[in-house]
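# Summary of structural features
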Amino acid sequence: MKKNLISVIILALMVVNIVLTAVMMFSVTGTAKKTASLVDNIATALNLELTANAGDSAIPDVPMENTEVYTIPDSMTIPLKDDAVDENGEGGKQHFIMLSIGFSINTKDKGYKTYGSDLSAQETLIKDIIISVFGQYTLEEAKANEAEIKKEILTKVQEMFDSEFIFNVAFSGTMYQ
């Protein structure tokens, strides 16, 4: 009889345990769904913000079969703006950047027919734009603002050609001194 009483108590405790587990699961599941919904809403809002900001400076979606790359044949050594002189007389050093520059060109753009097939004729003008843009930056500024420099070069080259057939600027082999 004693063993039967212990079995009944164990059975009762198991039933209570199952009931409490079920109550806990329903309460946690509801909270988990609300949390998941909140996280989804936040992720959606962040994604919209990132997409909206990226739209301003995003590279146009040009298929690879319509893309041509023009690379300025020689690597360029460009003087940067002198460092500022501090109160101790330190600074004022001349720095240089050495890099190769390439332009992505949309072959289906209307400006490509006029200029894009041979940019070597305008290479001197393009180099002048690149030198003038880099010349506005010190060594630290040039390292920190590479994306801004690319955007500024692209804008000025597009203004020069009065066309947007050049849609991207790429740097390679960048070395600072």
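For the structure itself, look to the data block above.
These notes cover the structure that comes with them. (Residues numbered from 1 in each chain as written. Predicted model: local features only at pLDDT ≥ 70, side-chain atom pairs only at ≥ 80, totals over all residues. Heavy atoms only, no water.)

### What to know about the packing of aromatic side chains
Counted by the stated rule, this structure contains two aromatic pairs. Considering the side-chain rings of Phe134 and Phe171, the 5.6 Å spacing of their centres and the 45° angle between planes classify their relative orientation as tilted. Taken together, the residues Phe134 in helix H3 (residues 123–134) and Phe171 in strand E4 (residues 166–176) connect sequence positions 37 residues apart. Residue class for Phe134 comes out buried when judged on its relative accessible area of 1%. Positioned above the aromatic ring of Phe171, the side-chain terminus of Lys150 is 5.3 Å from the ring centre. (Phe/Tyr/Trp six-rings, centres within 6.5 Å; stacked < 30°, edge-to-face > 60°. Helix = DSSP H or I, 4+ residues; strand = E, 2+ residues; numbered from the N terminus. Buried < 20%, exposed > 50% of the residue type's maximum accessible area, 1.4 Å probe, protein only. Lys NZ or Arg CZ within 6 Å of the ring centre and 35° of its normal.)

### Some thoughts on the pattern of salt bridges
Enumeration according to the criterion identifies three salt bridges in this entry. Note that Lys150 and Glu146 form a salt bridge whose closest N and O atoms lie 3.9 Å from each other. Of this pair, Lys150 and Glu146 both sit in helix H5 (residues 146–161), four residues apart, which is roughly one turn of that helix. For Glu152, the salt bridge is made with Lys156, and the minimal N-O distance between the two is 3.9 Å. Here the residue Glu152 and the residue Lys156 both occupy positions in helix H5, the gap between them amounting to four residues, near one helical turn. (Salt bridge = Lys/Arg side-chain N within 4 Å of Asp/Glu carboxyl O.)

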